[in-house]
Amino acid sequence: MINQPQENSLQHIAFIMDGNGRWAKKRGMPREYGHTVGAKVFRRVAEYCFRQGIGTVTIYAFSTENWKRPQKEVNAIMDIFKNYLKMGLSEMTEDNIRIRFLGEKTPFAPDVRATMEKIERKSSANKYNLNVAVNYGGRAELVQAVNRLMQSGVTHVDEAALSNAIDTSGQPDPDLIVRTGGEMRLSNFLMWQSVYSELYFTDVLWPDFTDSDVDAAIAEFHARNRRFGGV
Ligand code: FPP
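Undergrad: Can you walk me through the overall build of the chain in this structure?
TA: Each helix and strand counted, the chain has 8 helices and 6 strands in total. Counted from the first residue to the last, the chain has its helices and strands arranged as β-α-α-β-α-α-β-α-β-α-α-β-β-α. Against the globule reference of 17 Å for 231 residues, the chain gives a C-alpha radius of gyration of 17 Å, in line with a compact fold. Dimensions along the principal axes, computed over C-alpha positions, put the chain at roughly 55 × 45 × 35 Å. Once local pairs closer than 6 in sequence are excluded, the contacts in the chain between residues at least 24 apart make up 76%. By element, 52% of the accessible surface of the chain is carried by carbon and sulfur atoms, the whole surface being about 11,300 Å². Each charge class in the chain was averaged separately, 29 positive and 28 negative side chains, and the resulting centres sit 5 Å apart.

Undergrad: Just checking my understanding: could you explain the packing of helix α2 (residues 31-51) against helix α8 (residues 211-223) for this structure?
TA: Angle between the axes and distance between the axes: these two values describe a pair of packed helices. Two numbers describe how α2 lies on α8: the axes approach to 10 Å, and their chain directions differ by 50 degrees. Between α2 and α8, the crossing angle belongs to the class labelled oblique. When the axes of α2 and α8 are compared, the crossing they make is right-handed. The residues of α8 that touch α2, namely those facing Arg-44, Val-45, Tyr-48, Cys-49 and Arg-51, are Asp-211, Val-214 and Asp-215. When the residues that make up the contact of α2 with α8 are grouped by side-chain class, the tally is 4 nonpolar, no polar and 4 charged.

Undergrad: Teacher, can you tell me more about the sheet that holds strand β4 (residues 128-136) here?
TA: Sheet strands pair by backbone hydrogen bonding; their relative direction is either parallel or antiparallel. Read from one edge to the other, the open sheet built from 6 strands follows the order β3-β4-β2-β1-β5-β6, with strand pairing classed as parallel. One side of each edge strand has no neighbouring strand; the edge strands of this open sheet are β3 (97-102) and β6 (198-201). Shown here is a sheet whose adjacent strand axes are inclined to one another by a mean of 20 degrees, direction ignored. Pairing geometry for strand β1 (residues 12-16) and strand β2 (residues 56-63), over 5 bridges, is parallel. In the sheet register, Phe-15 faces β2, and the bridge partner there is Ile-59. Where helix α3 (residues 71-86) meets the sheet, it contacts β2, β3 and β4, and its direction lies at approximately 145 degrees from that of β2.

Undergrad: I'm lost on the site of the ligand in this one. Help?
TA: The ligand sits among 18 residues. The nearest are Asp-18, Gly-21, Arg-22, Arg-31 and Arg-69. Interatomic distance of 3.2 Å between a backbone N/O atom of Asn-20 and an oxygen atom of the ligand. Within the backbone of Arg-22, an N or O atom sits 2.7 Å from an oxygen atom of the ligand. Isolated, the ligand exposes 630 Å² of accessible area, and the fraction of that covered by the protein chains is 92%. Listing elements by their share of the shell around the ligand, those giving two or more residues are α1 (20-26), α2 and α3.

Undergrad: Help me out: how do you make sense of the pattern of salt bridges in this one?
TA: Should the charged atoms of two oppositely charged side chains come close, the side chains can pair. One pass over the structure, following the stated rule, counts 18 salt bridges. One salt bridge in this structure joins Glu-198 and Arg-226, with 3.6 Å as the shortest N-O distance. Residue Glu-198 is found in strand β6, and its partner Arg-226 is found in the segment after α8; the two are separated by 28 residues along the sequence. Both residues of the pair, Glu-198 and Arg-226, belong to the buried class. In the salt-bridge network here, residues are joined through shared partners; they are Asp-175, Glu-198, Glu-220, Arg-224 and Arg-226.

Undergrad: Explain the layout of surface pockets to me, please; I cannot follow it from the model alone.
TA: One simple way to see leftover space: roll a probe sized like a water molecule over the atoms. Looking at the largest pocket, its volume works out to about 680 Å³. Listed by contribution, the elements that provide at least two residues to the lining of the largest pocket are α1, α2, β2, α3 and β4. Broken down by class, the residue content of the lining of the largest pocket amounts to 16 nonpolar, 8 polar and 8 charged.

Procedures and definitions
Residues numbered from 1 in each chain as written. Predicted model: local features only at pLDDT ≥ 70, side-chain atom pairs only at ≥ 80, totals over all residues. Heavy atoms only, no water. Helix = DSSP H or I, 4+ residues; strand = E, 2+ residues; numbered from the N terminus. Rg over C-alpha atoms; globule rule 2.2 N^0.38 Å. Contact = heavy atoms within 4.5 Å. Areas by Shrake-Rupley, 256 points an atom, 1.4 Å probe, with all protein chains shown as cover. Lys, Arg positive; Asp, Glu negative; His and termini not counted. Charge placed at Lys NZ, Arg CZ, Asp CG, Glu CD. Axes fitted to C-alpha atoms, helices over the stretch in contact; angles between N-to-C directions. Parallel < 35°, antiparallel > 145°, perpendicular 65-115°, else oblique. Left-handed = near helix turned anticlockwise from the far one by under 90°. Nonpolar A, V, L, I, M, F, W, Y, C, P; charged D, E, K, R; others polar. Pairing = 2+ DSSP bridges. Near = heavy atom within 4 Å. Polar contact = N/O pair within 3.5 Å; in protein donor to acceptor, adjacent residues only side chain to side chain. Salt bridge = Lys/Arg side-chain N within 4 Å of Asp/Glu carboxyl O. Buried < 20%, exposed > 50% of the residue type's maximum accessible area, 1.4 Å probe, protein only. 1 Å grid on protein atoms, 1.4 Å probe; cavity = no way out; pocket = protein on both sides within 12 Å on 5 of 7 lines; lining within 4 Å. Points joined across faces, edges and corners; volume = space filled by probe spheres on them.

Structure (structure tokens):
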């Protein structure tokens, strides 16, 4: 099944949470502090979107390219992520939120992977969908999907088959992708799924991103004229 977005309906919103490092530097703090605050904002924003009736939220937490950052920063992000797995994400599963991780789990330590898988299992019957993209890259996701299909013995691939083999299989494509922090690019995020997404860029740095900033992005989305290649 191909999950084309529907005109005017906001079923899936995705966020590239950029600007944590700059936000911290502006305050004379280490970049890692920006990520700590950013992680709290992530939870508030996701829960706010669900309260607005949006069924699926995706957050780009860590890309396949982010491993290139200084080891100290990578370690700090992984520590925040691990703490979040223990507390925040587990609590969110009790709020009827289904959590799935997009991206390849193998680089994570066995205990971290086990916790990720447990959270996915435990929340699998929940109502609201939260995708956390960690060690995620759109190209890596497509390559992995093709390899999966080849291993299953297929000799011909169509769009529906590929849609079913990627990490967001069965979910609607994002209607709206929001990037904070002023950069205007997708940085290897949801390559396949974003073809008809509306893009919204704001200079607001992620730790400053409020519920009214979410409202502004949603209002802009509803003002857009989506044609999906038609007239
Ligand atoms: C982008 O800001 C942020 C990241 C690459 C990492 C974000 C990670 C977390 C908030 C922690 C873990 C995630 C979860 C889901 C709890 P940047 O560092 O690129 O900011 P800059 O552009 O100002 O340098």
